[in-house]
Amino acid sequence: MSTKEVIAKADEALLAQLGYKQEFKRAFIPLEVFGIAFSIIGLLPSIASVLFYAIPNGGPSAMVWGWAVASIFILCVGMSMAELGSAAPTSGGVSYPCSSIDWGCAVQIAAAASIGSGQTFVATQAQVFGIYVAIVLSHAVVCCLGTAVLARLQNVYVCLNICLCIAVIVGLPAATPKEFMNTASFALGNFSNFNGWSNGYAFFLSFLAPLWTISSFDSSVHISEEAANAATAVPWAIVSAIGIAGVLGWAINVSLAFCMGTDLESILGSPIGQPMAQIFFNSFGQQGTLGIWAIVVLVLASSRQSFAFARDGALPFSSILYRMNSFTGTPVNTVWFVAAVAILLGLLAFAGPEAINAIFAISVTALYIAYSIPIAARFIFTNDFKPGPFSLGVFSLPVAIISVSFMARTPATMNYTVVVLGGILFLSLVWYYFPVYGGVHWFTGPVRNVSADDFTDSASGSSRGREESGDATDLQAIPEVSRRYPVHRPE
(Lines give C-alpha, C1' and ligand atoms only; values in the text may rest on other atoms or scores of the structure.)
Protein backbone atom coordinates (compact mmCIF):
# COMPACT_ATOMS: atom_id res chain seq x y z
CA MET A 1 0.00 0.00 0.00
CA SER A 2 1.38 3.42 -0.97
CA THR A 3 1.89 6.22 1.54
CA LYS A 4 -1.02 8.12 0.00
CA GLU A 5 -3.31 5.13 0.47
CA VAL A 6 -2.13 4.66 4.06
CA ILE A 7 -2.95 8.29 4.88
CA ALA A 8 -6.34 7.99 3.16
CA LYS A 9 -7.21 4.91 5.23
CA ALA A 10 -6.11 6.63 8.43
CA ASP A 11 -8.31 9.65 7.61
CA GLU A 12 -11.26 7.39 6.85
CA ALA A 13 -10.73 5.49 10.12
CA LEU A 14 -10.68 8.70 12.18
CA LEU A 15 -13.85 9.92 10.47
CA ALA A 16 -15.55 6.58 11.11
CA GLN A 17 -14.58 6.85 14.77
CA LEU A 18 -16.60 10.10 14.84
CA GLY A 19 -19.53 8.29 13.21
CA TYR A 20 -19.31 9.59 9.65
CA LYS A 21 -18.56 7.91 6.36
CA GLN A 22 -16.17 9.39 3.82
CA GLU A 23 -18.25 11.39 1.30
CA PHE A 24 -15.85 14.06 0.01
CA LYS A 25 -12.82 13.45 -2.13
CA ARG A 26 -9.65 14.20 -0.11
CA ALA A 27 -7.83 16.36 -2.64
CA PHE A 28 -6.32 19.05 -0.37
CA ILE A 29 -2.66 18.60 0.56
CA PRO A 30 -1.39 20.37 3.75
CA LEU A 31 -0.18 23.46 1.84
CA GLU A 32 -3.60 23.84 0.23
CA VAL A 33 -5.34 23.44 3.61
CA PHE A 34 -3.17 26.34 4.83
CA GLY A 35 -4.15 28.16 1.64
CA ILE A 36 -7.83 27.92 2.56
CA ALA A 37 -7.25 29.51 5.99
CA PHE A 38 -4.84 32.17 4.71
CA SER A 39 -6.91 33.01 1.63
CA ILE A 40 -10.14 33.44 3.58
CA ILE A 41 -8.27 35.91 5.80
CA GLY A 42 -7.41 37.78 2.58
CA LEU A 43 -5.03 40.01 4.48
CA LEU A 44 -4.72 43.26 2.51
CA PRO A 45 -8.31 43.31 1.16
CA SER A 46 -9.60 42.59 4.66
CA ILE A 47 -7.53 45.37 6.22
CA ALA A 48 -8.89 47.67 3.51
CA SER A 49 -12.46 46.67 4.39
CA VAL A 50 -12.17 47.51 8.11
CA LEU A 51 -9.61 50.33 8.26
CA PHE A 52 -12.53 52.59 9.17
CA TYR A 53 -12.59 50.85 12.57
CA ALA A 54 -8.96 51.68 13.40
CA ILE A 55 -8.44 55.23 12.08
CA PRO A 56 -11.23 56.99 14.08
CA ASN A 57 -10.49 54.94 17.22
CA GLY A 58 -6.88 55.86 17.82
CA GLY A 59 -5.42 56.61 14.41
CA PRO A 60 -1.85 55.39 13.76
CA SER A 61 -1.34 54.09 17.31
CA ALA A 62 -4.45 51.93 17.08
CA MET A 63 -3.45 50.66 13.65
CA VAL A 64 0.03 49.61 14.76
CA TRP A 65 -0.20 48.72 18.45
CA GLY A 66 -3.86 47.69 18.49
CA TRP A 67 -3.07 45.17 15.76
CA ALA A 68 -0.02 43.85 17.66
CA VAL A 69 -1.91 43.35 20.93
CA ALA A 70 -4.99 41.77 19.37
CA SER A 71 -2.90 39.42 17.20
CA ILE A 72 -1.32 37.79 20.26
CA PHE A 73 -4.73 37.00 21.75
CA ILE A 74 -6.07 35.82 18.39
CA LEU A 75 -3.15 33.38 18.18
CA CYS A 76 -4.19 31.95 21.59
CA VAL A 77 -7.74 31.50 20.29
CA GLY A 78 -6.37 29.84 17.16
CA MET A 79 -4.25 27.38 19.14
CA SER A 80 -7.26 26.38 21.24
CA MET A 81 -9.35 25.93 18.10
CA ALA A 82 -6.53 23.98 16.47
CA GLU A 83 -6.62 21.45 19.29
CA LEU A 84 -10.35 20.91 18.72
CA GLY A 85 -9.85 20.65 14.97
CA SER A 86 -7.12 18.06 15.43
CA ALA A 87 -9.28 15.98 17.78
CA ALA A 88 -12.38 16.04 15.56
CA PRO A 89 -11.45 16.79 11.92
CA THR A 90 -14.95 16.96 10.41
CA SER A 91 -16.76 19.54 8.29
CA GLY A 92 -19.01 20.52 11.20
CA GLY A 93 -16.72 23.13 12.70
CA VAL A 94 -17.75 26.64 13.69
CA SER A 95 -19.70 28.63 11.14
CA TYR A 96 -18.95 32.18 10.05
CA PRO A 97 -20.84 34.66 7.88
CA CYS A 98 -19.48 35.07 4.35
CA SER A 99 -21.72 38.06 3.67
CA SER A 100 -19.41 40.61 5.33
CA ILE A 101 -16.46 39.48 3.17
CA ASP A 102 -18.42 39.85 -0.08
CA TRP A 103 -19.89 43.20 1.01
CA GLY A 104 -16.38 44.49 1.64
CA CYS A 105 -15.42 43.35 -1.85
CA ALA A 106 -18.43 45.16 -3.33
CA VAL A 107 -17.43 48.40 -1.60
CA GLN A 108 -13.90 48.02 -2.95
CA ILE A 109 -15.19 47.60 -6.52
CA ALA A 110 -17.30 50.74 -6.08
CA ALA A 111 -14.18 52.53 -4.83
CA ALA A 112 -12.32 51.44 -7.98
CA ALA A 113 -15.13 52.93 -10.10
CA SER A 114 -14.84 56.19 -8.15
CA ILE A 115 -11.07 56.33 -8.68
CA GLY A 116 -11.45 55.56 -12.40
CA SER A 117 -14.00 58.37 -12.84
CA GLY A 118 -11.76 60.95 -11.20
CA GLN A 119 -13.86 60.72 -8.03
CA THR A 120 -16.95 62.06 -9.81
CA PHE A 121 -18.85 58.79 -9.43
CA VAL A 122 -20.23 57.80 -6.03
CA ALA A 123 -22.05 54.48 -5.89
CA THR A 124 -25.51 54.35 -4.35
CA GLN A 125 -26.48 51.64 -1.87
CA ALA A 126 -28.57 49.96 -4.59
CA GLN A 127 -25.56 49.86 -6.92
CA VAL A 128 -23.30 48.46 -4.21
CA PHE A 129 -25.96 45.85 -3.40
CA GLY A 130 -26.13 44.86 -7.07
CA ILE A 131 -22.35 44.38 -7.13
CA TYR A 132 -22.60 42.40 -3.90
CA VAL A 133 -25.22 40.02 -5.34
CA ALA A 134 -23.06 39.43 -8.41
CA ILE A 135 -20.04 38.62 -6.19
CA VAL A 136 -22.05 36.21 -4.01
CA LEU A 137 -23.38 34.39 -7.09
CA SER A 138 -19.91 34.15 -8.66
CA HIS A 139 -18.48 32.78 -5.41
CA ALA A 140 -21.29 30.23 -5.25
CA VAL A 141 -20.37 29.00 -8.72
CA VAL A 142 -16.71 28.65 -7.68
CA CYS A 143 -17.66 26.73 -4.53
CA CYS A 144 -19.63 24.26 -6.64
CA LEU A 145 -16.50 23.24 -8.52
CA GLY A 146 -14.93 19.87 -7.88
CA THR A 147 -12.74 19.51 -4.80
CA ALA A 148 -9.56 19.03 -6.85
CA VAL A 149 -10.15 22.33 -8.69
CA LEU A 150 -10.76 24.21 -5.43
CA ALA A 151 -7.62 22.68 -3.93
CA ARG A 152 -5.38 23.78 -6.80
CA LEU A 153 -6.80 27.31 -6.68
CA GLN A 154 -5.43 27.76 -3.15
CA ASN A 155 -1.83 27.85 -4.42
CA VAL A 156 -2.74 30.79 -6.68
CA TYR A 157 -4.55 32.61 -3.85
CA VAL A 158 -1.64 32.22 -1.43
CA CYS A 159 0.87 33.58 -3.96
CA LEU A 160 -1.38 36.53 -4.86
CA ASN A 161 -1.95 37.42 -1.21
CA ILE A 162 1.69 37.29 -0.15
CA CYS A 163 2.96 39.14 -3.25
CA LEU A 164 0.33 41.85 -2.78
CA CYS A 165 1.29 42.31 0.87
CA ILE A 166 5.00 42.57 0.09
CA ALA A 167 4.31 45.01 -2.76
CA VAL A 168 2.44 47.34 -0.39
CA ILE A 169 4.94 47.01 2.47
CA VAL A 170 7.85 47.87 0.17
CA GLY A 171 6.22 49.86 -2.63
CA LEU A 172 4.00 52.23 -0.65
CA PRO A 173 6.84 54.00 1.23
CA ALA A 174 8.87 54.19 -1.97
CA ALA A 175 6.03 55.83 -3.94
CA THR A 176 4.58 58.19 -1.30
CA PRO A 177 5.32 61.91 -1.85
CA LYS A 178 7.12 63.70 0.98
CA GLU A 179 4.04 65.72 1.95
CA PHE A 180 2.23 62.52 2.91
CA MET A 181 5.16 60.84 4.70
CA ASN A 182 4.85 60.88 8.49
CA THR A 183 7.49 61.00 11.18
CA ALA A 184 8.09 58.04 13.47
CA SER A 185 6.62 59.93 16.41
CA PHE A 186 3.34 60.45 14.51
CA ALA A 187 3.15 56.99 12.89
CA LEU A 188 3.92 55.10 16.09
CA GLY A 189 2.70 57.50 18.77
CA ASN A 190 -0.16 59.68 17.54
CA PHE A 191 -3.56 58.87 19.07
CA SER A 192 -6.55 60.43 17.32
CA ASN A 193 -10.02 59.78 18.71
CA PHE A 194 -12.92 60.92 16.48
CA ASN A 195 -15.72 58.78 17.93
CA GLY A 196 -16.29 60.44 21.29
CA TRP A 197 -15.60 57.39 23.42
CA SER A 198 -12.92 57.49 26.09
CA ASN A 199 -9.44 56.89 24.71
CA GLY A 200 -9.18 53.51 26.44
CA TYR A 201 -12.47 52.23 25.03
CA ALA A 202 -11.72 53.73 21.61
CA PHE A 203 -8.42 51.81 21.51
CA PHE A 204 -10.36 48.67 22.49
CA LEU A 205 -12.84 49.28 19.65
CA SER A 206 -9.92 49.43 17.20
CA PHE A 207 -9.43 45.70 17.92
CA LEU A 208 -12.42 45.11 15.62
CA ALA A 209 -10.09 45.63 12.64
CA PRO A 210 -7.64 42.77 13.42
CA LEU A 211 -10.44 40.64 14.92
CA TRP A 212 -12.41 40.81 11.67
CA THR A 213 -9.35 40.49 9.46
CA ILE A 214 -7.72 37.51 11.19
CA SER A 215 -10.94 35.57 11.50
CA SER A 216 -12.62 32.62 9.81
CA PHE A 217 -9.31 30.77 10.13
CA ASP A 218 -11.44 27.80 11.12
CA SER A 219 -12.37 27.55 7.43
CA SER A 220 -9.70 24.86 7.17
CA VAL A 221 -11.78 22.81 9.64
CA HIS A 222 -14.75 22.96 7.28
CA ILE A 223 -12.79 21.26 4.50
CA SER A 224 -11.13 18.74 6.84
CA GLU A 225 -13.13 15.91 5.22
CA GLU A 226 -11.57 16.98 1.92
CA ALA A 227 -8.00 17.14 3.29
CA ALA A 228 -5.32 14.47 3.45
CA ASN A 229 -3.91 13.83 6.94
CA ALA A 230 -6.52 16.24 8.30
CA ALA A 231 -5.82 15.68 12.00
CA THR A 232 -2.37 17.21 11.50
CA ALA A 233 -2.83 19.45 8.45
CA VAL A 234 -5.86 21.34 9.77
CA PRO A 235 -4.47 22.54 13.14
CA TRP A 236 -1.13 23.57 11.67
CA ALA A 237 -2.95 25.44 8.89
CA ILE A 238 -4.87 27.42 11.52
CA VAL A 239 -1.83 28.31 13.62
CA SER A 240 0.45 29.16 10.70
CA ALA A 241 -2.21 31.25 8.92
CA ILE A 242 -2.78 33.34 12.08
CA GLY A 243 0.95 33.73 12.73
CA ILE A 244 1.81 34.82 9.18
CA ALA A 245 -1.25 37.09 8.96
CA GLY A 246 -0.34 38.70 12.28
CA VAL A 247 3.21 39.54 11.21
CA LEU A 248 2.40 40.65 7.65
CA GLY A 249 -0.67 42.58 8.81
CA TRP A 250 1.37 44.47 11.38
CA ALA A 251 3.93 45.38 8.70
CA ILE A 252 1.14 46.62 6.39
CA ASN A 253 -0.32 48.79 9.14
CA VAL A 254 3.12 50.25 9.92
CA SER A 255 3.56 51.06 6.22
CA LEU A 256 0.13 52.71 6.08
CA ALA A 257 0.78 54.70 9.28
CA PHE A 258 3.98 56.17 7.81
CA CYS A 259 2.39 56.97 4.42
CA MET A 260 -1.13 58.21 5.21
CA GLY A 261 -0.38 61.86 5.97
CA THR A 262 -1.65 63.71 9.02
CA ASP A 263 -5.11 64.74 7.79
CA LEU A 264 -6.99 61.67 8.97
CA GLU A 265 -10.44 63.25 8.69
CA SER A 266 -9.99 63.84 4.95
CA ILE A 267 -9.09 60.16 4.53
CA LEU A 268 -12.24 59.10 6.37
CA GLY A 269 -14.43 61.57 4.47
CA SER A 270 -12.98 60.89 1.02
CA PRO A 271 -15.50 60.67 -1.86
CA ILE A 272 -13.79 57.41 -2.85
CA GLY A 273 -15.46 55.86 0.18
CA GLN A 274 -12.48 53.70 1.14
CA PRO A 275 -9.73 54.96 3.49
CA MET A 276 -7.07 52.62 2.11
CA ALA A 277 -8.01 53.45 -1.48
CA GLN A 278 -7.55 57.15 -0.68
CA ILE A 279 -4.12 56.46 0.88
CA PHE A 280 -3.11 54.52 -2.24
CA PHE A 281 -4.45 57.31 -4.46
CA ASN A 282 -2.33 59.89 -2.62
CA SER A 283 0.77 57.71 -3.02
CA PHE A 284 0.42 55.87 -6.34
CA GLY A 285 -1.83 58.23 -8.30
CA GLN A 286 -4.88 57.16 -10.29
CA GLN A 287 -3.34 54.56 -12.63
CA GLY A 288 -1.12 52.96 -10.00
CA THR A 289 -3.98 52.71 -7.53
CA LEU A 290 -6.30 51.13 -10.10
CA GLY A 291 -3.64 48.52 -10.91
CA ILE A 292 -3.11 47.55 -7.28
CA TRP A 293 -6.80 47.83 -6.42
CA ALA A 294 -7.70 45.39 -9.20
CA ILE A 295 -5.55 42.76 -7.48
CA VAL A 296 -7.01 43.67 -4.08
CA VAL A 297 -10.51 43.04 -5.42
CA LEU A 298 -9.51 39.70 -6.95
CA VAL A 299 -7.99 38.57 -3.81
CA LEU A 300 -15.49 29.12 0.42
CA ALA A 301 -16.16 27.22 3.17
CA SER A 302 -19.47 28.04 4.90
CA SER A 303 -21.24 25.73 2.46
CA ARG A 304 -19.24 22.80 3.90
CA GLN A 305 -20.29 23.72 7.42
CA SER A 306 -23.94 23.94 6.40
CA PHE A 307 -23.60 20.53 4.77
CA ALA A 308 -22.40 19.14 8.11
CA PHE A 309 -25.34 20.73 9.97
CA ALA A 310 -27.76 19.28 7.42
CA ARG A 311 -26.14 15.84 7.73
CA ASP A 312 -26.99 15.92 11.43
CA GLY A 313 -30.52 17.17 10.72
CA ALA A 314 -29.89 20.48 12.50
CA LEU A 315 -31.13 22.76 9.69
CA PRO A 316 -34.57 23.23 8.16
CA PHE A 317 -34.89 21.20 4.93
CA SER A 318 -31.89 19.08 5.96
CA SER A 319 -33.02 16.24 3.70
CA ILE A 320 -32.58 18.55 0.71
CA LEU A 321 -29.39 20.26 1.85
CA TYR A 322 -27.70 16.96 2.75
CA ARG A 323 -27.13 15.87 -0.82
CA MET A 324 -23.78 15.47 -2.50
CA ASN A 325 -23.75 16.34 -6.20
CA SER A 326 -22.75 13.20 -8.10
CA PHE A 327 -20.98 15.14 -10.84
CA THR A 328 -18.87 17.63 -8.88
CA GLY A 329 -18.62 15.66 -5.63
CA THR A 330 -19.48 18.86 -3.70
CA PRO A 331 -22.57 19.92 -1.64
CA VAL A 332 -24.11 22.11 -4.35
CA ASN A 333 -27.45 22.50 -2.56
CA THR A 334 -25.83 23.89 0.56
CA VAL A 335 -23.66 26.25 -1.50
CA TRP A 336 -26.75 27.93 -2.95
CA PHE A 337 -28.49 27.87 0.43
CA VAL A 338 -25.58 29.85 1.95
CA ALA A 339 -25.57 32.22 -1.06
CA ALA A 340 -29.29 32.93 -0.64
CA VAL A 341 -28.89 33.68 3.08
CA ALA A 342 -25.95 35.99 2.31
CA ILE A 343 -28.00 37.94 -0.24
CA LEU A 344 -30.85 38.34 2.27
CA LEU A 345 -28.40 39.71 4.85
CA GLY A 346 -27.15 42.18 2.24
CA LEU A 347 -30.61 43.75 2.12
CA LEU A 348 -29.71 45.39 5.44
CA ALA A 349 -27.77 47.93 3.35
CA PHE A 350 -31.06 49.65 2.56
CA ALA A 351 -31.65 50.25 6.27
CA GLY A 352 -28.66 52.59 6.36
CA PRO A 353 -24.89 52.41 6.90
CA GLU A 354 -25.32 51.45 10.56
CA ALA A 355 -27.25 48.35 9.56
CA ILE A 356 -24.72 47.04 7.04
CA ASN A 357 -21.88 47.88 9.43
CA ALA A 358 -23.63 45.50 11.81
CA ILE A 359 -22.73 42.68 9.44
CA PHE A 360 -19.05 43.45 9.99
CA ALA A 361 -19.46 43.71 13.75
CA ILE A 362 -21.63 40.61 14.04
CA SER A 363 -19.10 38.58 12.08
CA VAL A 364 -16.70 39.32 14.94
CA THR A 365 -19.09 39.13 17.89
CA ALA A 366 -20.99 36.01 16.80
CA LEU A 367 -17.87 34.28 15.53
CA TYR A 368 -15.99 34.62 18.78
CA ILE A 369 -19.04 33.62 20.81
CA ALA A 370 -19.17 30.49 18.68
CA TYR A 371 -15.44 29.89 19.21
CA SER A 372 -15.65 30.32 22.98
CA ILE A 373 -18.43 27.77 23.53
CA PRO A 374 -16.56 24.58 22.47
CA ILE A 375 -13.29 25.77 24.00
CA ALA A 376 -14.98 26.38 27.36
CA ALA A 377 -17.15 23.25 27.16
CA ARG A 378 -14.06 21.08 26.79
CA PHE A 379 -12.89 22.00 30.29
CA ILE A 380 -16.11 22.91 32.12
CA PHE A 381 -18.27 19.89 31.35
CA THR A 382 -17.62 16.18 31.64
CA ASN A 383 -16.70 14.67 28.28
CA ASP A 384 -14.49 12.07 26.67
CA PHE A 385 -12.31 14.53 24.75
CA LYS A 386 -9.20 12.89 23.32
CA PRO A 387 -6.47 15.21 22.00
CA GLY A 388 -5.36 14.74 18.43
CA PRO A 389 -1.80 14.90 17.07
CA PHE A 390 -1.77 18.68 17.69
CA SER A 391 -1.90 19.26 21.44
CA LEU A 392 -0.68 22.01 23.77
CA GLY A 393 -0.34 19.53 26.61
CA VAL A 394 -0.16 21.21 30.02
CA PHE A 395 -0.61 24.60 28.34
CA SER A 396 -4.06 23.69 26.95
CA LEU A 397 -5.99 25.00 29.97
CA PRO A 398 -4.01 28.25 30.47
CA VAL A 399 -4.28 29.10 26.77
CA ALA A 400 -8.00 28.26 26.79
CA ILE A 401 -8.56 30.56 29.80
CA ILE A 402 -6.74 33.40 28.02
CA SER A 403 -8.73 32.75 24.83
CA VAL A 404 -12.17 32.65 26.44
CA SER A 405 -11.41 35.65 28.69
CA PHE A 406 -10.36 37.69 25.67
CA MET A 407 -13.36 36.61 23.58
CA ALA A 408 -15.73 37.45 26.45
CA ARG A 409 -14.56 41.05 26.08
CA THR A 410 -14.75 41.22 22.29
CA PRO A 411 -15.68 44.82 21.44
CA ALA A 412 -18.90 45.69 19.66
CA THR A 413 -20.27 49.08 18.70
CA MET A 414 -23.76 50.10 19.73
CA ASN A 415 -25.46 49.59 16.37
CA TYR A 416 -27.68 46.99 14.75
CA THR A 417 -25.29 44.24 15.88
CA VAL A 418 -27.33 43.57 18.99
CA VAL A 419 -30.56 43.50 16.96
CA VAL A 420 -29.22 41.17 14.27
CA LEU A 421 -27.45 38.82 16.68
CA GLY A 422 -30.40 38.84 19.06
CA GLY A 423 -32.78 38.11 16.19
CA ILE A 424 -30.73 35.16 15.01
CA LEU A 425 -30.51 33.73 18.53
CA PHE A 426 -34.25 34.25 19.03
CA LEU A 427 -35.16 32.49 15.78
CA SER A 428 -32.78 29.66 16.64
CA LEU A 429 -34.49 29.17 20.00
CA VAL A 430 -37.93 29.27 18.34
CA TRP A 431 -36.81 26.66 15.81
CA TYR A 432 -35.41 24.44 18.56
CA TYR A 433 -38.40 24.67 20.96
CA PHE A 434 -41.16 24.85 18.33
CA PRO A 435 -44.07 22.59 19.35
CA VAL A 436 -44.03 19.12 17.78
CA TYR A 437 -41.56 19.99 15.01
CA GLY A 438 -38.83 21.69 17.08
CA GLY A 439 -35.41 20.14 17.49
CA VAL A 440 -35.96 19.62 21.21
CA HIS A 441 -38.35 16.79 20.30
CA TRP A 442 -36.01 14.86 18.02
CA PHE A 443 -32.48 16.25 17.78
CA THR A 444 -30.03 14.23 19.89
CA GLY A 445 -26.73 15.48 18.46
CA PRO A 446 -24.50 14.28 15.62
CA VAL A 447 -26.16 11.55 13.56
CA ARG A 448 -23.89 8.62 12.77
CA ASN A 449 -24.08 7.39 9.19
CA VAL A 450 -21.46 4.68 9.65
CA SER A 451 -20.71 2.46 12.62
CA ALA A 452 -17.36 1.37 13.96
CA ASP A 453 -18.23 -2.22 13.08
CA ASP A 454 -18.97 -1.23 9.47
CA PHE A 455 -15.54 0.33 9.08
CA THR A 456 -13.80 -2.55 10.86
CA ASP A 457 -15.50 -5.09 8.62
CA SER A 458 -14.66 -3.05 5.53
CA ALA A 459 -11.04 -2.65 6.61
CA SER A 460 -10.77 -6.35 7.41
CA GLY A 461 -12.21 -7.30 4.04
CA SER A 462 -9.80 -4.98 2.28
CA SER A 463 -6.90 -6.44 4.24
CA ARG A 464 -7.88 -9.98 3.31
CA GLY A 465 -8.06 -8.97 -0.33
CA ARG A 466 -4.59 -7.45 -0.19
CA GLU A 467 -3.21 -10.49 1.60
CA GLU A 468 -4.48 -12.69 -1.21
CA SER A 469 -2.86 -10.38 -3.77
CA GLY A 470 0.39 -10.19 -1.81
CA ASP A 471 -0.06 -6.49 -0.86
CA ALA A 472 -0.93 -6.67 2.82
CA THR A 473 -0.76 -3.61 5.07
CA ASP A 474 -2.10 -3.74 8.61
CA LEU A 475 -4.16 -0.60 9.24
CA GLN A 476 -3.41 -0.94 12.93
CA ALA A 477 0.22 -0.27 12.09
CA ILE A 478 -0.80 3.29 11.30
CA PRO A 479 -0.20 5.24 14.56
CA GLU A 480 -3.32 7.41 14.35
CA VAL A 481 -5.54 4.43 13.52
CA SER A 482 -4.19 2.23 16.31
CA ARG A 483 -4.28 5.04 18.90
CA ARG A 484 -7.74 6.40 18.18
CA TYR A 485 -9.45 3.45 16.53
CA PRO A 486 -8.36 0.39 18.52
CA VAL A 487 -9.33 -3.08 17.37
CA HIS A 488 -9.37 -5.85 19.98
CA ARG A 489 -7.68 -8.91 18.57
CA PRO A 490 -8.18 -12.43 19.96
CA GLU A 491 -5.28 -13.89 21.91
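Residues numbered from 1 in each chain as written. Predicted model: local features only at pLDDT ≥ 70, side-chain atom pairs only at ≥ 80, totals over all residues. Heavy atoms only, no water.

**What about the overall build of the chain?**
At step 1: When helices and strands are counted, the chain shows 22 helices and two strands.
At step 2: Going through the 491 residues of the chain one by one, you find that 49% of them count as buried.
At step 3: By element, 68% of the accessible surface of the chain is carried by carbon and sulfur atoms, the whole surface being about 21,100 Å². (Helix = DSSP H or I, 4+ residues; strand = E, 2+ residues; numbered from the N terminus. Buried < 20%, exposed > 50% of the residue type's maximum accessible area, 1.4 Å probe, protein only. Areas by Shrake-Rupley, 256 points an atom, 1.4 Å probe, with all protein chains shown as cover.)

**Topic: helix α19 (residues 396–407)**
At step 1: Taking 1.5 Å of rise per residue, the 12 residues of α19 would be expected to cover 16 Å, and the 16 Å separating its terminal C-alpha atoms lies within 8% of that figure.
At step 2: All of the buried residues along α19 are S396, V399, A400, S403, F406 and M407. Taken down its axis, α19 places every buried residue within 135° of arc, on the same side. (Expected span 1.5 Å × (residues − 1). Arc of directions from axis to C-beta.)

**As for helix α3 (residues 43–54)**
At step 1: For α3, built from 12 residues, the straight-helix expectation of 16 Å at 1.5 Å per residue is met to within 8% by its first-to-last C-alpha distance of 15 Å.
At step 2: Across the 12 residues of α3, 11 count as buried, placing the element largely inside the fold.
At step 3: The set of residues buried in α3 consists of L43, L44, P45, S46, I47, A48, S49, V50, L51, Y53 and A54.

**Quick notes on the environment of P30**
At step 1: Mapped onto the elements, P30 comes out in helix α2 (residues 30–41).
At step 2: Taking the C-alpha atoms as reference, P30 lies 7.1 Å from A228; in sequence the two are 198 residues apart.

**Some details on the confidence of the model for the chain**
At step 1: Per-residue confidence for the chain averages 76 on the pLDDT scale, and 70% of its residues sit at or above 70.
At step 2: Helix α8 (residues 184–189) holds the highest mean pLDDT among the elements of the chain, 94, whereas helix α15 (residues 302–311) holds the lowest, 42.
At step 3: This stretch, residues 300–314, has a pLDDT under 50; its non-local contacts, to residues over four places away or in other chains, come to 71 contacts.
At step 4: In the model, residues 484–491 has pLDDT below 50 throughout and makes 20 contacts with residues more than four positions away in sequence or in other chains. (pLDDT = per-residue confidence, 0-100. Contact = heavy atoms within 4.5 Å.)

**With respect to the packing of α3 against helix α12 (residues 230–259)**
A pair of packed helices is characterised by two quantities: the angle between their axes and the separation of those axes.
At step 1: Remark: α3 packs on α12, axes separated minimally by 10 Å, with the N-to-C direction vectors making an angle of 55°. In terms of their interaxial angle, α3 and α12 are classed as oblique. In the crossing of α3 with α12, the sense of the turn from one axis to the other is right-handed. Contact residues: α3 offers L43, L44, I47 and L51, while α12 offers A245, L248, G249, I252, N253 and L256.
At step 2: Of the residues contributing to the contact of α3 with α12, the split by class is eight nonpolar, two polar and no charged. (Axes fitted to C-alpha atoms, helices over the stretch in contact; angles between N-to-C directions. Parallel < 35°, antiparallel > 145°, perpendicular 65-115°, else oblique. Left-handed = near helix turned anticlockwise from the far one by under 90°. Nonpolar A, V, L, I, M, F, W, Y, C, P; charged D, E, K, R; others polar.)

**Some remarks on the environment of A277**
At step 1: Looking at where A277 falls in the secondary structure, it is placed in helix α14 (residues 275–298).
At step 2: For A277, a relative accessible area of 0% corresponds to the buried category.
At step 3: Here the alpha-carbon distance between A277 and S114, two residues 163 residues apart in the chain, equals 9.9 Å.
At step 4: With residues near it in sequence (within four places) discarded, A277 still touches A111, I115, I272, T289 and W293.

**Structural notes on the nonpolar core**
At step 1: Core analysis: the biggest nonpolar cluster contains 79 residues, and L43, F217, L256, M276 and Y368 have the highest contact counts within it.
At step 2: At 13 residues, the largest contribution of residues to this core is made by α12. (Core = buried A, V, L, I, M, F, W, Y, C linked by side-chain atoms within 4.5 Å.)

**A word on a nonpolar patch on the surface**
At step 1: A cluster of nonpolar side chains, namely F426, L427, V430, F434, V436 and Y437, defines an oily patch on the protein surface of about 670 Å² accessible area.
At step 2: One can find F434 in the loop between α20 (417–433) and α21 (452–469).
At step 3: For F434, a relative accessible area of 42% puts it in the partly exposed group. (Patch = residues over 30% accessible without salt bridge, like charges linked within 9 Å, V, L, I, M, F, W, Y side chains within 5 Å. Salt bridge = Lys/Arg side-chain N within 4 Å of Asp/Glu carboxyl O.)

**A word on the packing of aromatic side chains**
At step 1: Tallied over the full model, the rule gives 13 aromatic pairs.
At step 2: Note on F34 and F38: the rings are 5.5 Å apart at their centroids and 20° apart in plane angle, and the pair reads as stacked. A residue pair is termed a helical-turn pair when its members lie 3 or 4 positions apart in one helix, as F34 and F38 do in helix α2 at four residues.
At step 3: Judged by its relative accessible area of 11%, F34 is buried.
At step 4: Through a chain of ring-to-ring contacts, three or more aromatic side chains come together here, namely W197, Y201, F203, F204 and F207. (Phe/Tyr/Trp six-rings, centres within 6.5 Å; stacked < 30°, edge-to-face > 60°.)

**Focus on the state of the cysteines**
At step 1: Scanning all chains against the criterion turns up zero disulfides.
At step 2: No disulfide involves C159; its sulfur sits 6.1 Å from that of C163, the nearest cysteine.
At step 3: Free of any disulfide, C165 has its nearest cysteine sulfur in C163, 9.3 Å distant.
At step 4: By relative accessible area, which is 0% here, C165 ends up buried. (Disulfide = S-S within 2.5 Å.)

**Here we look at the pattern of salt bridges**
At step 1: Applying the stated rule across the entire model yields one salt bridge.
At step 2: Across the pair E83 and R378 runs a salt bridge, and its minimum N-O distance is 2.9 Å.

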